[in-house]
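As a plain string of letters, each chain reads:
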Amino acid sequence: MSGGGPRHGTIVDRRPSGGGVSGALGSYVVRDDEDERYYTFDYRQIVTEGFRTIRTGEPVRFHVSVESPDRAEFVIRLDQPDPAEYYR
């Protein structure tokens, strides 16, 4: 699927580098819950009012990039952590 409406998925991997134009940013991998395809994105695509990071196993909502159908964009965390719990 390329473009279209929101998708739901689970974060399955975080890589310390490989995202962004220069490849210097950390990248994430999300598996689509419906079709089980994998999409990558970096922290700039995380839409949040709080933490701009995601942990493996977290559920998210995202869109597939029209320009690059293997990339996720507008990634929204569905379970915002409590800051005190997050930094334990």
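That block above? That's the structure.
Conventions and cut-offs
- Residues numbered from 1 in each chain as written.
- Predicted model: local features only at pLDDT ≥ 70, side-chain atom pairs only at ≥ 80, totals over all residues.
- Heavy atoms only, no water.
- Helix = DSSP H or I, 4+ residues; strand = E, 2+ residues; numbered from the N terminus.
- Buried < 20%, exposed > 50% of the residue type's maximum accessible area, 1.4 Å probe, protein only.
- Contact = heavy atoms within 4.5 Å.
- Phe/Tyr/Trp six-rings, centres within 6.5 Å; stacked < 30°, edge-to-face > 60°.

Chemist: Tell me about the environment of His-8, and name the residues and values.
Modeler: Summarising the element assignment, His-8 is placed in strand S1 (residues 7-19). For His-8, a relative accessible area of 41% translates into the label partly exposed. Among residues more than four places away in sequence, those in contact with His-8 are Arg-31, Asp-32, Asp-33, Glu-34, Val-60, Arg-61, Phe-62 and Leu-78.

Chemist: I'd like a rundown of the packing of aromatic side chains, residues and numbers included.
Modeler: Applying the stated criterion across every chain yields a total of two aromatic pairs. When the centroid spacing of 5.2 Å and the interplanar angle of 20 degrees are considered together, the rings of Tyr-28 and Phe-41 count as stacked. Taken as a pair, Tyr-28 in strand S2 (residues 25-32) and Phe-41 in strand S3 (residues 38-42) lie far apart in primary sequence, 13 residues in all. For Tyr-28, a relative accessible area of 2% gives the class buried. Ring plane angle 50 degrees and centroid distance 5.5 Å describe the contact between Tyr-39 and Phe-62, whose orientation is recorded as tilted. Note that Tyr-39 is positioned in strand S3 and Phe-62 in strand S5 (residues 59-64), a separation of 23 residues in sequence. The burial state of Tyr-39 is the same as that of Phe-62; both residues are buried.

Note that all results are geometric; they support no functional claim without further evidence.
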